[in-house]
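Each chain is listed here by its residues.
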Amino acid sequence: MDAEKQVFIGFVLAIFIAAFIRVIEMTGGLPNLYEHLLYFPLVLTGLLLGPRIGALAGLMCGILLSPFSFSDTVISSNEIAGGWVLRLLAYTFVATFTGIIARVVKNLNGAEQRAKFKHQGTDLPNIHALLEQLKTIGNSKDGSDDDLVDIFNFRLQNMEKIQQQVGTEKANELVKQMAIQLKKLLGDQIQVGQTSKNELVGVSADAEQNTEELQSKIENFLEKPIVVDGVSYQMDSAAGVLRVKKDQLKENHQKVFDEAQAHAFNALQKKQQFSFLEQNDDAIDQIEEITFSRQFSEAMENDDIQLYYQPRLNTNTGYFSVLEVSAKWVHPKRGGMNLNEFKPMIEEASLTQQFTSWMLQRTFNDLKIWQKQKATVRISINITINDTVDPIVLNVMAHELQETKCPARNVYIEVSERALMSLSEKSRLYLEKLRSVGCNVIAAHFGEGRSTIQSLFVLPVDAVKLSEELVQKATSNSDKKRELASMVKMARARGLTTIATGINDRAKLLLLKQIGCEELQGSILSQSLKKADIPWARMR
């Protein structure tokens, strides 16, 4: 409702309320018990129209019932002496106060809805918003059930590399700019959202009939760089389009969405820049290949995904001191894949929370067995697969700690540097709570982003895990070597443990021992091992 209509309604309500009250007063009034009911119309005005219009209505009522509007013979001497002023203030306060409450509730509800349906960082519609859009299109009474709907998937293959180079904020601006340009290209009727950091999805209920023209448009778009703040960025992107009939979305909108993602992923595997698929009713009902989400869930349940443990060497003692958790998936078609290989797939399918929680539960099950065997084990587990600290995952960890009675000091929580720099208040609170009971927090992949050692001193961390890239540069560049040595020295001076990963040759091993790095991990020391192969004799 626009401002002019609100003001007009406020005036009309004020006049009506004032007239109603005056009629009651001139006819003998109501008992005091019932006079308070007369505030209800003002309360409703504030709730429905907000504090400003509520205040206006209350003020108008007060003025209309004042000595300025009636003769002395009608208004009592008490009111002339100042009683009407108190009433004016009371009317204005009640309507304003209820209006403020209504606005606060509305803003909170709006914030909740934005959090639920917006992708963190870009504020583009997220996967939940896109699914709602598909459901709405499927249930719409407009048009025919045979109307065509296009679902676009744009895979941004080099997004992670760009993010490392320019930072998260600039990368988010780049994604938003790409979404804006896609709307201009494909029409305002398309809704463009973001389902993961490297995937944009568009939904259009106005499918373009000429598929060759559509392909030409998209291919030309993907070949051009995206410009942000005068800087050009070439996106290494691939696109998949799934076309379905509107009728297929009524009951199967989730299934159609999964099929669109699977189609785009298959196109990416075949190195196709553009792929178009039109599904008919029979095809969607007869699909034999299960969706990736279901396939992945079944893989976790059936132990097709298993935990592996890579020992970490303590340079002071010469023994392995910590086991870092990783996972391997024996895929029915793609064979064995390590976590880094299937990580993009679970990010795009929004399964990171489910997988991380599963990995925590399985890890603590192993810890429980080792405790019964009187083995002292320190475990390190990365909880930020998608560079986000999820409070739900932290809550799962707290629950497992309580259930297994595992000493918290033996648990190392790895959090990526990027995730640490963008902690939500809730995540920070949970992380600090886990630290307070003894858990150790590691800033993982340090050196990939733009933060410095000094910036980590104000964050809830106990250790710094240097990135492989940082270590690699230090072995071939003397300036980088001095920089790394200075970083390790500063971290240790501030009480932070330093950990290096990616130690795959003797040169790196000697360098990191020389500069005083306290824990080392890499293939030259030990590969990731199955539980049965852990070298317990070398663990301390």
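See the structure printed just above.
Since the structure is predicted, the reported quantities are computational estimates derived from the model, not experimental observations.

A. A look at the state of the cysteines. This model, assessed by the stated rule, comprises zero disulfides. The cysteine Cys406 is free of any disulfide, with Cys439 supplying the nearest cysteine sulfur at 8.3 Å.

B. Structural context of the pattern of salt bridges. Counted according to the given criterion, the structure contains 18 salt bridges. Glu199 serves as the salt-bridge partner of Arg155, at 3.3 Å between the closest nitrogen and oxygen. Here Arg155 is found in strand β1 (residues 148–156), whereas its partner Glu199 is found in strand β3 (residues 199–204), with 44 residues between them in sequence. By relative accessible area, which is 1% here, Glu199 ends up buried. Put simply, Arg312 and Glu519 hold a salt bridge, and the shortest N to O gap is 3.0 Å. One end of the pair, Arg312, is in strand β8 (residues 305–314); the other, Glu519, is in strand β16 (residues 519–520), with 207 residues separating them in the sequence. The exposure classification of Arg312 matches that of Glu519, with both residues buried. Through salt bridges with shared partners, a single network forms among Arg312, Glu324, Glu414, Lys465 and Glu519.

C. Representation of the side chain of Asn158 within the structure. On the secondary structure map, Asn158 appears in the loop between β1 and α7 (159–166). By relative accessible area, which is 15% here, Asn158 ends up buried. One polar contact links the side chain of Asn158 to the main-chain carbonyl oxygen of Gln234, over a distance of 3.0 Å. Looking at Asn158, its side chain comes within polar contact range of the main-chain nitrogen of Asp236, at 2.9 Å.

D. Main features of empty space enclosed by the protein. Tallied over the full model, the rule gives one cavity of 30 Å³ or more. Quantified by volume, the largest cavity comes out at close to 30 Å³. Lining the largest cavity are Asn153, Arg155, Ala238, Ala239, Gly240, Ala264, Ala267, Leu268 and Gln272. Those elements giving two or more residues to the lining of the largest cavity turn out to be β1, β6 (237–245) and α10 (249–269). Looking at the lining of the largest cavity, its residues break down into five nonpolar, three polar and one charged.

Procedures and definitions
Residues numbered from 1 in each chain as written. Predicted model: local features only at pLDDT ≥ 70, side-chain atom pairs only at ≥ 80, totals over all residues. Heavy atoms only, no water. Disulfide = S-S within 2.5 Å. Salt bridge = Lys/Arg side-chain N within 4 Å of Asp/Glu carboxyl O. Helix = DSSP H or I, 4+ residues; strand = E, 2+ residues; numbered from the N terminus. Buried < 20%, exposed > 50% of the residue type's maximum accessible area, 1.4 Å probe, protein only. Polar contact = N/O pair within 3.5 Å; in protein donor to acceptor, adjacent residues only side chain to side chain. 1 Å grid on protein atoms, 1.4 Å probe; cavity = no way out; pocket = protein on both sides within 12 Å on 5 of 7 lines; lining within 4 Å. Points joined across faces, edges and corners; volume = space filled by probe spheres on them. Nonpolar A, V, L, I, M, F, W, Y, C, P; charged D, E, K, R; others polar.

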